[in-house]
Amino acid sequence: MDIEAFLALLALILVALFLGLPVLVVLLWRRVTRLTLTVERLDGALREIRAGRGAVVAAAAAGHESPVTGVPEEAGGKEPEAPVEQDATEEEQVQAGEEPSTPEDQSAAKASDLPPSPLEAALRRAGASGEGCKGETDGRQPAAARAAVPSRSGAQDEDRERLIGGRWSVWAGGAALAVGGVFMVAYAAEAGLLGPVGRLVLGALFGLGLAAAGEWLRRKPDPAVLGGLSWASIPAVLTAAGTMVLFAVVYSAHALYGLVGPTPAFLLLGALAICGLFAALLHGPGLAVLGLPGAYLVPFLVTSESRDLAAVVLYVLAVSAAAVALGRLRRWLWLAGAAVAGLAGYGLLFQLMAAPGDRLLLTLYLAASAMIVLAGFVWRHYPARADLFVEVDRAATLALAAVLLPFAGHLQFEADLAALMGETLVLLALPLAVGYVFCALRYGAVLPLALFLLLALQLKVPDALEALEALEALDAGVISPLPFDVQDRLSAFSAFMAVCAAGLVATGALALRHAASRAVLSGLAVCGALGVLSVSWLRVASWSVSPLFAGLALALAVVFWGVASRIGAPRQDLVGGRAALVTWLVGAVAALGFAAGFALEDAALTIAFGLLCPAIALVHVRYPLPALRPFAVVAVVPYGLCLLRDPFIDAAALGITPVFNLLLLGYGLPAAGVCATAWSFTRTGRDLWSDILQALAIFFVSLTLVMLTLHGIDPVFRFDGEGDGLRTGGLLTLIGGAVSLALARLSRAGVFDGAPVLRTGRMVVGLGGMIWGAATLFVFENPALTGAPVGDSFLINWISLLYGGACLLYALQLRMLRADTPRAYRLTVLSFACVAGFFLINLTIRSWFSPDRLDAVAVRSLEQAVYSAVWLAVGLACLLWGLAAGSHLLRKLSAVILVGVTLKAFLIDMSALDGLLRALSFIGLGAVLIGIGALYQRLPVTRRAEPPTSGDDGAAQGDA
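Going by the annotation in an unreviewed UniProt entry, the name recorded for the chain is DUF2339 domain-containing protein, with Roseibium aestuarii given as the source organism.

Scanning the chain from terminus to terminus reveals 36 helices and zero strands. Every one of the 960 residues in the chain was classed for burial, and the buried ones make up 43%. In the chain, the proportion of contacts linking residues at least 24 apart, taken out of those at least 6 apart, comes to 72%. As displayed, the chain offers around 48700 Å² of accessible surface, 67% of which is attributable to carbon and sulfur atoms.

Running from N to C, helix α21 (residues 547–568) and helix α22 (residues 577–599) cross one another at 170 degrees; their axes reach a closest spacing of 8 Å. Considered as vectors, α21 and α22 are oriented roughly antiparallel to each other. Judged by the sense of rotation from one axis to the other, the crossing of α21 with α22 is left-handed. On α22, the residues touching F549, A550, A553, L554, L556, A557, F560, W561, V563, A564 and G568 of α21 are L581, W584, L585, G587, A588, A591, L592, F594, A595, F598 and A599. Per-class residue counts for the contact of α21 with α22 are 20 nonpolar, two polar and no charged.

Turning our eyes to something else, we now look at the packing of helix α33 (residues 823–849) against helix α34 (residues 861–885). Describing two packed helices takes the angle between their axes plus the distance from one axis to the other. One way to put it is that α33 packs onto α34 with a least axis distance of 10 Å and a crossing angle of 145 degrees. Of the two elements, α33 crosses α34, and the hand of that crossing is right-handed. For the pair formed by α33 and α34, the contact residues are F838, I841, N842, I845, R846, W848 and F849 on the first element and L862, E863, V866, Y867, V870, W871 and V874 on the second. In terms of residue class, the contact of α33 with α34 is built from eleven nonpolar, one polar and two charged.

Here we take up the pattern of salt bridges. Per the counting criterion, the structure on display carries five salt bridges. With a closest N to O distance of 3.5 Å, R385 and D387 form a salt bridge. Classification of R385 as partly exposed rests on a relative accessible area of 43%. A salt bridge links R578 to D573, with the shortest nitrogen-to-oxygen separation between them at 3.3 Å. A relative accessible area of 63% places D573 in the exposed class.

This part takes up the nonpolar core. V316, F350, Y365, F452, F560, W584 and Y803 are the most contacted members of the largest nonpolar core, which has 186 residues in total. Looking at which element gives the most residues to this core, the answer is helix α20 (residues 518–541), with 13 residues. Residue contacts for F560: discarding those within four places in its chain leaves V505, V526, A529, L530, W584, G587 and A588. Residues L879, L925, V928 and I932 belong to the second largest nonpolar core, which totals eleven residues.

To continue, consider helix α23 (residues 602–610). Every buried residue belonging to α23 is among A603, L605, T606, I607, F609 and G610, and all of these are buried. On its buried face, α23 is in contact with α22, α24 (612–622), α26 (636–645) and α27 (662–684).

When we look at a pair of aromatic rings, we describe it by the centre distance and by the angle of the planes. Considering all chains together, one arrives at 19 aromatic pairs under this definition. The interplanar angle of 80 degrees and the centroid separation of 5.1 Å between the aromatic rings of F350 and Y365 together place this pair among those described as edge-to-face. Of this pair, F350 sits in helix α13 (residues 333–353) while Y365 sits in helix α14 (residues 359–377), placing them 15 residues apart in sequence. Here Y365 falls in the buried class, since its relative accessible area comes to 1%. An aromatic cluster of three or more residues is present, and its members are F778, Y803, Y810, F832, F838, F839 and W871. The side chain of R622 reaches across the aromatic face of Y623, ending 4.5 Å from its centre.

Definitions and cut-offs
Residues numbered from 1 in each chain as written. Predicted model: local features only at pLDDT ≥ 70, side-chain atom pairs only at ≥ 80, totals over all residues. Heavy atoms only, no water. Helix = DSSP H or I, 4+ residues; strand = E, 2+ residues; numbered from the N terminus. Buried < 20%, exposed > 50% of the residue type's maximum accessible area, 1.4 Å probe, protein only. Contact = heavy atoms within 4.5 Å. Areas by Shrake-Rupley, 256 points an atom, 1.4 Å probe, with all protein chains shown as cover. Axes fitted to C-alpha atoms, helices over the stretch in contact; angles between N-to-C directions. Parallel < 35°, antiparallel > 145°, perpendicular 65-115°, else oblique. Left-handed = near helix turned anticlockwise from the far one by under 90°. Nonpolar A, V, L, I, M, F, W, Y, C, P; charged D, E, K, R; others polar. Salt bridge = Lys/Arg side-chain N within 4 Å of Asp/Glu carboxyl O. Core = buried A, V, L, I, M, F, W, Y, C linked by side-chain atoms within 4.5 Å. Phe/Tyr/Trp six-rings, centres within 6.5 Å; stacked < 30°, edge-to-face > 60°. Lys NZ or Arg CZ within 6 Å of the ring centre and 35° of its normal.

As structure tokens, then:
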């Protein structure tokens, strides 16, 4: 990544952070405002419930209706005296402003025998919806009770009125006061009434007066705060307005009049911003919203020629620590999140502004930022116990990852290896240690680890191949293959990466033994160690074969297996133990794959990757863990990528020997391994992964047959040669049909009765062959359209092999299908066989008149006549066969053919033929049609047996 792109990336990140911070603050402020309004509504609803209960009791005491039964006393008879006396007592208590003294247990005891109590009735009438009791629609509810429960529309109007009059007006007034102070100073300057010092003193006095008024109102015995509208507190608004005026005065004294130098202005503005933050402890979050952005804007407002970052670094750390502490103290997560965003944004900005000597300062800044996050989000929130499992703290995890993000422009590989190790400790070791001790932050090292691997891939390390090419260009004739300085730097880089990998493995093993976060830390250790090994190979060996790195990968596989068997297996019943054990076992198999990738190439690499799937099966035999089964499917992916790279395994070394060649090894061995894995998994328990492996086994076996057949027919065949598209499509269609036919035969024999995937797989293979054949043979690679060579033999050529074979295979498959095969699949097979036969006849006739290339000669009259004659003979043969075999389907097919021939005679032959050919064509057609009619007139027709009548004892027989 060049420096321009890096600077552009950092600039975009900075812009996004500073633009997103106000938006985030506003959104969080609106959210808290809505929650505050909801609490106020609930408080009002509670007051209304109490008032409604008093009204109901009063109405009941007045004799309107019994509060217990809801029936007028005149109609319900005399009520017991005890409830009346109790109600009267409750009425007196309500009128006195006291809580009713009726015990809850007495109400519960009466609940089974009595209707709802007055309180329950009032709750129903004065619920959250604000509607009256829906059950009382007869107009007998007392007027006092109805008046005590306001309507929903009235409540909304009252809320809107309180919002506008009690909140917006207060904040609008505060803004007006602040702007008025600024305008007052501006008017004094324009009118020349006072000098610069006088104007600033006047503005400062006004700001101090507003702040003092706010503090005086806050200290009054009866604070001037509207009921429930704490966010619109008048003292807070006055204090905020005064702070804004003082901020403007200090900035004007520095930027406009030059009366205050950079250092005093910086200190004064910072002090005002921090005072605004701490004033939020007394006046609410409004001042925090004002103080934190103002504090972060101070370094941009003060201009100075000095490029010393130490003062700004200390200032940003102090402001952020104060904001995080305030957010924790008042439980304002949005304020702490905004402070974290400020730390991350300034970290990226410092990377752009730093001089070469500021590397240690920036490392300390990032470490201090992480400490601030841990102190504000973790310290005393969670006990420092590695064995205690708690849920993930997403806010703390994201905050820790955010403050470590500026390492994207900080990690460097220079001569000072100790500085690099220190930076790595802050970036990687710190979040790993935190995740080990505090389980709530176990995912905190995921982003730092990914960032570390990306940065390691971009480090300025000398390239070994480039150095060798430079030596070859110089023709220096040196004994050492690389210059000594390059060797030293490569050795230092390798040692650094080896220490990082060892630290990751040690952390994972230690977490596996003691920590509740063993699953996540084990995954980070395995992935991190493999990632470090891969990055080292890319930077040192530069994609070339390296036995050294292959040996390191094998050693890593042994270490992973040892950790899994010695430490993980005995602890698999602990929290996350099974997941951690699976991680180490899969890591061991993955390390074997990395070793193959580092040491092998071409055919050997493809075969080695193809054996990763059965390797997972062997591990599953030793440790039958359900979580291992998905990785057997994942292990097929590298092998599939190798096949996409070179479908012929190693095309240069393939040779012409049929069957026993590299294709058998490259396709046959992995296919056998997948089949064995599918069998092993199905034997131990059928699930989704065993079904997927069964499907993959069918696919790879079919693919093996396809490739062996293609090579056996044409050893020099490749997918990009002339005419190879037709042969490839046809052979794939034939192989799909052959495999599907074999599977249909096995299914008919009942072999797949307990394996629904295999029963479905045979149809999938057949459909795949038919779709491929329809696309290639019938449309895109049709030799009549493309002019591809088909051979000049009269009958034995590519047309008879491809089209005739497809027709025959799918016709045989139609007869092999079981009775429970879906009808749609049967019709698809029948249609494909018929279309393949249609193209077979037509293209064969065409090849008689235009050998090899079907588009070389135009269609003539004799060819048209041959088409009609041949199709007439085919239709007649289908009719005779259908009559002899009693097949209604064949007779229908003959009818379709004969109708088509008849239409061709009248629509095409009448104009395309002339002379004797036209006459013979119509004569022959007429004779055949008359002969068919005579044949049908002389054949006996068997009627279907009629159902027996009520008086018959047996089945009725039809007559001829």
